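Spelled out, the chains give:
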Amino acid sequence: MTAVAATDDIGASELLALYEQMAVIRRTEKAAHDLFLAGLVKGTTHLAAGHEAVAVGASAALRPDDYVFATYRGHHHAIARGATPEECLAELMSKATGICKAKGGSMHLTKASAGMLGSYAIVGAHLPLAAGAAWSAKLRGSGQVAVAFFGDGATNIGAFHEALNIAAVWSLPVLFICENNLYMEYTPIGSVTPVPNPAADRAPAYAIPAEVIDGNDVVVVAAATARAVQRARSGQGPTVIEARTYRHFGHSRTDPATYRPAEEVQEWMERDPLDIARARLATLGVPVEDAVRADDRAAQVVAEAVAAARAAPAPDPADAFTDVWADGGSQWRT
Amino acid sequence: MADISALGQTVTYREAVAEGIARELRRDPAVVCLGEDIGKAGGVFKTTQGLFEEFGPGRIWDTPISEQAILGLAMGAAMTGMRPIAEIMFSDFFAVCWDYLANEMPKIRYMTGGQITVPVVVRTANGGGLGFGAQHSQAVENWTLAIPGLKIVAPSNPADVVGLMASAVRSEDPVVFFEHKGLFASKGPAAPADHVVPLGQAAIARAGTDLTIVALAVTVPMALAAADRLAADGVSAEVIDLRCLVPLDMATVLESVGRTSRLLIVEENPYQGGWGGTVASIVADEGFELLDAPVRRIAADCVPLPFADALEQQVIPTVEKVAAAIRRLMAY
Ligand SMILES: Cc1ncc(C[n+]2csc(CCOP(=O)(O)OP(=O)(O)O)c2C)c(N)n1
Ligand SMILES: [Mg+2]
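Residue numbers run consecutively from 1 along every chain, following the written order of its sequence. Each chain is given a letter, starting from A, and each ligand a number, starting from 1, according to the order in which they appear as written. Where local features are concerned, this predicted model is filtered to residues with pLDDT of at least 70; where side-chain atom pairs are given and counted, the filter is 80 or more; whole-chain, interface and lining totals use all residues. The side-chain values count all of the structure's non-hydrogen atoms but skip hydrogen atoms and water molecules.

Draft legend 1. The nonpolar core, seen in detail. Counting 90 residues, the largest nonpolar core has Phe69 and Phe176 of chain A together with Leu71 and Leu242 of chain B as the members making the most contacts within it. Only DSSP runs of H or I covering at least 4 residues are called helices, and only runs of E covering at least 2 are called strands; the numbering of each starts at the N terminus. When residues of this core are assigned to their parent elements, the largest contribution, eight residues, is made by helix α3 (residues 67-78) of chain B. Domain extents, as shown, originate in an automatic or database domain assignment. Both domain 1 (10-189) and domain 2 (203-330) of chain B contribute no fewer than three residues apiece to this core. Contacts were defined at the residue level, with two residues in contact if any of their heavy atoms lie within 4.5 Å. Here leucine 71 of chain B is in contact with Ala86, Ile88, Cys97, Tyr100, Leu101, Met105 and Val122 of chain B, once residues within four sequence places are set aside. Residue types Ala, Val, Leu, Ile, Met, Phe, Trp, Tyr and Cys, when buried and joined through side-chain atoms within 4.5 Å, form a set referred to as a nonpolar core. Between buried and exposed lies partly exposed: a residue is buried under 20% and exposed over 50% of the maximum accessible area for its type, with that area taken using a 1.4 Å probe on protein chains only. Core analysis: the next-biggest nonpolar cluster, separate from the first, contains 65 residues, Val56, Leu62, Ala294 and Val306 of chain A among them.

Draft legend 2. The confidence of the model for chain A, seen in detail. For every residue, the predictor assigns a confidence score, pLDDT, that lies between 0 and 100. Considering every residue of chain A, the mean pLDDT works out to 96; 98% of them sit at 70 or more. With pLDDT under 50 throughout, residues 1-7 of chain A is counted as low confidence; its partners more than four residues away or in other chains account for 13 contacts.

Draft legend 3. Layout of the pattern of salt bridges. Residues and elements named next belong to chain A. Here, a salt bridge means any side-chain nitrogen of Lys or Arg that lies within 4 Å of a carboxyl oxygen of Asp or Glu. One pass over the structure, following the stated rule, counts 32 salt bridges over all chains. Across the salt bridge formed by arginine 280 and aspartate 217, the nearest N and O atoms sit 2.7 Å from each other. One end of the pair, arginine 280, is in helix α9 (residues 273-283); the other, aspartate 217, is in the loop between β5 (210-214) and α7 (218-233), and 63 residues separate them in sequence. Exposure class is identical for arginine 280 and aspartate 217. Each is buried.

Draft legend 4. Fine view of the packing of helix α4 (residues 85-92) of chain A against helix α10 (residues 288-311) of chain A. Residues and elements named next belong to chain A. Axis lines are fitted through C-alpha atoms, for helices just across the contact stretch, and the angle between N-to-C directions can take any value from 0 to 180 degrees. Remark: α4 packs on α10, axes separated minimally by 8 Å, with the N-to-C direction vectors making an angle of 40°. The orientation of α4 relative to α10 falls into the category oblique. In the packing of α4 onto α10, the handedness of the crossing is right-handed. Contacts between α4 and α10 involve Pro85, Glu86, Leu89 and Ala90 from the former and Val301, Ala305, Val306, Ala308 and Ala309 from the latter. For the contact of α4 with α10, the per-class residue count stands at eight nonpolar, no polar and one charged. Note on angle classes: values under 35 degrees are labelled roughly parallel, values over 145 roughly antiparallel, values of 65 to 115 roughly perpendicular, and the remainder oblique. Crossing handedness follows the turn of the near helix against the far one: under a right angle anticlockwise gives a left-handed crossing, and clockwise gives a right-handed one. When residues are sorted by character, Ala, Val, Leu, Ile, Met, Phe, Trp, Tyr, Cys and Pro go into the nonpolar class, Asp, Glu, Lys and Arg into the charged class, and all the rest, Gly among them, into the polar class.

Draft legend 5. Local environment of the pairing of strand β10 (residues 211-215) of chain B. Residues and elements named next belong to chain B. For β10, a buried count of five out of five residues is recorded, marking the element as mostly surrounded by other parts of the structure. With burial as the criterion, each face of β10 is covered, one bearing Leu211, Ile213 and Ala215 and the other bearing Thr212 and Val214. One crossover worth recording links β10 to the parallel strand β11 (residues 237-241) by way of helix α8 (residues 219-231), and it is right-handed. In this description, strands pair whenever DSSP reports at least two bridges between them. Here β10 pairs with strand β13 (residues 263-270) via four bridges, running parallel. Opposite alanine 215, over in β13, you have valine 266 as the bridge partner. Orient the strands so they point away from the viewer, and a crossover whose first-strand-to-second-strand path over the helix runs clockwise is right-handed.

Draft legend 6. Expanded view of the interface of chain A and chain B. At the junction of the two partners, chain A supplies 43 residues and chain B supplies 47 residues. Regarding the contact of chain A and chain B, the summed buried area is about 3700 Å², with carbon and sulfur atoms giving 67% of it. Defined here as a combined quantity, buried area equals the accessible surface (1.4 Å probe) lost by two parts on assembly, summed across both. The largest per-residue losses of area from chain A upon contact with chain B belong to Trp135, Trp325 and Trp332 of chain A, which jointly make up 18% of the total buried on that side. Residue arginine 333 of chain A pairs with glutamate 286 of chain B through a salt bridge whose shortest N-O separation is 2.7 Å. We define a polar contact as two N or O atoms separated by no more than 3.5 Å, with the added condition that, inside protein, one atom must be a possible hydrogen donor and the other a possible acceptor, whereas residues neighbouring each other in sequence contribute only through side-chain atom pairs. Connecting chain A to chain B are 19 residue pairs in polar contact (both at pLDDT 80 or more). Mapped onto the side of chain A that touches chain B, the elements with two or more residues apiece are β1 (67-71), β2 (116-120), α5 (126-140) and α6 (158-169) of chain A. Considering only residue class, the side of chain A that touches chain B consists of 24 nonpolar, ten polar and nine charged.

Draft legend 7. Main features of the sheet that holds β1 of chain A. Residues and elements named next belong to chain A. The six strands are arranged β2-β1-β3-β4-β6-β5 in an open sheet whose pairing can be described as parallel. In this open sheet, the two strands that pair with only one neighbour each are β2 and β5. Adjacent strand axes in the sheet meet at a mean angle of 20°, parallel and antiparallel pairs treated alike. Across three bridges, the pairing between β1 and strand β3 (residues 146-151) is parallel. Within the sheet, the bridge partner assigned to tyrosine 67 lies in β3 and is alanine 146. On top of the sheet, α5 reaches β1, β2, β3 and β4 (174-180); it is set at about 170° to β3, its chief contact. Contacts from α7 reach β4, β5 and β6 (239-244) within the one sheet, and its direction differs from that of β5 by about 160°.

Draft legend 8. The arrangement of the domain arrangement of chain B in detail. Residues and elements named next belong to chain B. Taken domain by domain, chain B consists of domain 1 (10-189) and domain 2 (203-330). A C-alpha centroid distance of 26 Å is found between domain 1 and domain 2. Contacts between the two partners involve 25 residues from domain 1, matched on the other side by 25 residues from domain 2. Interface area lost by domain 1 to domain 2 is led by Glu141, Asn142 and Leu145, which between them contribute 24%. If you look at where domain 1 meets domain 2, you find one salt bridge. Linking domain 1 with domain 2 are twelve residue pairs in polar contact (both at pLDDT 80 or more). Every element with two or more residues in the side of domain 1 that touches domain 2 is listed here: α6 (141-145), β6 (151-153) and α7 (158-170).

Draft legend 9. The arrangement of the sheet that holds β11 of chain B in detail. Residues and elements named next belong to chain B. Ordered in space as β9-β11-β10-β13-β14, the five strands form an open sheet in which the pairing is mixed. The open sheet is flanked by β9 (203-206) and β14 (296-300), the only strands paired with a single partner. When strand polarity is set aside, the average angle formed by the axes of neighbouring strands in this sheet is 25°. With respect to the sheet, helix α10 (residues 275-286) is in contact with β10, β13 and β14, its orientation differing from that of β13 by roughly 155°.

Draft legend 10. Up close: the coordination of the magnesium ion (ligand 2). All names here are of chain A. With water omitted from the atoms examined, metal sites may look incomplete; donors here are N, O and S atoms no farther than 2.8 Å from the metal, or 3.2 Å in the case of Na, K and Ca. All of the protein donors around the magnesium ion (ligand 2) are Asp152 (OD), Asn181 (OD1) and Tyr183 (O); their distances to the metal are 2.0 to 2.2 Å. Ordering the donors of the magnesium ion (ligand 2) by residue number gives the pattern D-x28-N-x1-Y. Linking aspartate 152 in the loop between β3 and α6 with asparagine 181 in the loop between β4 and β5, this pair joins segments that are 29 residues apart in sequence.

See the structure below:
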């Protein structure tokens, strides 16, 4: 792992703010887990607890008008881009106040007004979409970049390769950020991939620079993203970043993840992204109480979000027939 | 590009495709084209001839053979302020980028509660009759009809190509635009300037009183030829050119059947799962009392499309099959 030191780039207050965002995500995911177990979240969830540093670190390096595309494991990306825990949890709980009016669910959290252009549940599908948003930015000369976050498993699907190829050939301002959590659903990525770094090792075939980074260190992620953004905005094209990280929960729903060796779990739990950020805060001389206060604020935000989402009304059944077409309706025939 | 909009001029369907795209490219700088061989080469069917020369590489983008990237990039660009026109060379290739047509373009607006708009046009060469075999001849408009959230256009003549292209490009919703391979060389009056045909409005291609024939794309001229043949026998057939499958203009169909009391549907896609089944079921449901005879469908037979003309003609609709069906229906 080629961890990149860029601690100098980040000030104490900025890091504390990133820490607080990660704490909010962690608690939102825990709440989602508990609400699922309580039967208040139906269908499925794919929790990103453990992945917080990837979303928060990358977002810190983006402009507000940049575009982000995520997967079904995307709660952290929605929140990192400005979605509130309340609108996310309300969505999971099938409430009218949900971020997608309860039409999307856990797998499709989207905050288009903040450039978070969706969470996609077909593995790999959004990599070409991100390349398309980057192409659009290039055509409009807007200086925006697009980021696709995806799992290690997505590196074996065709859309990944088509997207990397065309992004390189057209020199598009796009970042491909792989959240390599070592597993697809239940199968280790290493058992189905001929190279050790599933995203980064493929990038050279498309003449795209790549780096493998510590995805649990928010400062490292922010620095690597900033470098890639700099390349993209200056017309040097795409970058692949492979951020190594680990899920704290199972793949989805109530998966106990017993397929993961205990020592491996232990090792990664000791590298919790929140702990790493706290250690960095200490190094920067931030008093412990400041981090504790950030934790308390995060806990309160999420507690209030849960209460508000619980109290929110169910959607109007008539809403099943809105939003198919741009005219707001669903009429397909006369 | 040559100006082919002069009144009274006759143009080919193929030229109309390029003209329709060119008019939108001239009108709106957000319009941009991408696809395989569409630039300098002018398209494998020459339907984008002249565009690269007029608009240059900043508007007309040659892509790698990456159908998922073509549709994915088009969608991502459409979500972020552009109005892309993507070409999939043969509609058979929809199968390799089906995710974008089935799961992404038609669903993103709905599943985000209306947050995202996808003003994209997916153009493709559709249909058989040219001996291209089972993987380059299919009429797949019924594949797209199976997906709520897509608008579906399939013009039958050059003027409609231009007018419907204008509406498709200006649509805020994703539109699949089927260009029929068997019609590319066919000719018709050029579209007048600023010609716009709204989506979802069928045309009465031939007025008649004895039976209604509902047709689309290549089956329109087929139905017209059969109707002309039967006119000699005193049969007055009305031919409706649906022009779009979504929005589907059933009001025009039901109104016509109300006058003629007989309905024949001529579709090129296979009988199994063909669009005529949807039209027939709506007429059975909402127009049962209007009918004096069973609804008949002429569609492709349910086999992969064979290569040899003698075999292909067995399988796809022909003027002879339509004429025979009219006779049977009138004798009922
Ligand atoms: C095209 C496709 N194939 C299979 C699935 C089922 N599926 C959902 S998540 C998943 C694992 C994906 O693993 P990875 O890309 O590593 O992401 P992670 O879940 O680990 O974040 C699979 C196989 C799917 N949603 N889409
Ligand atoms: Mg994974």
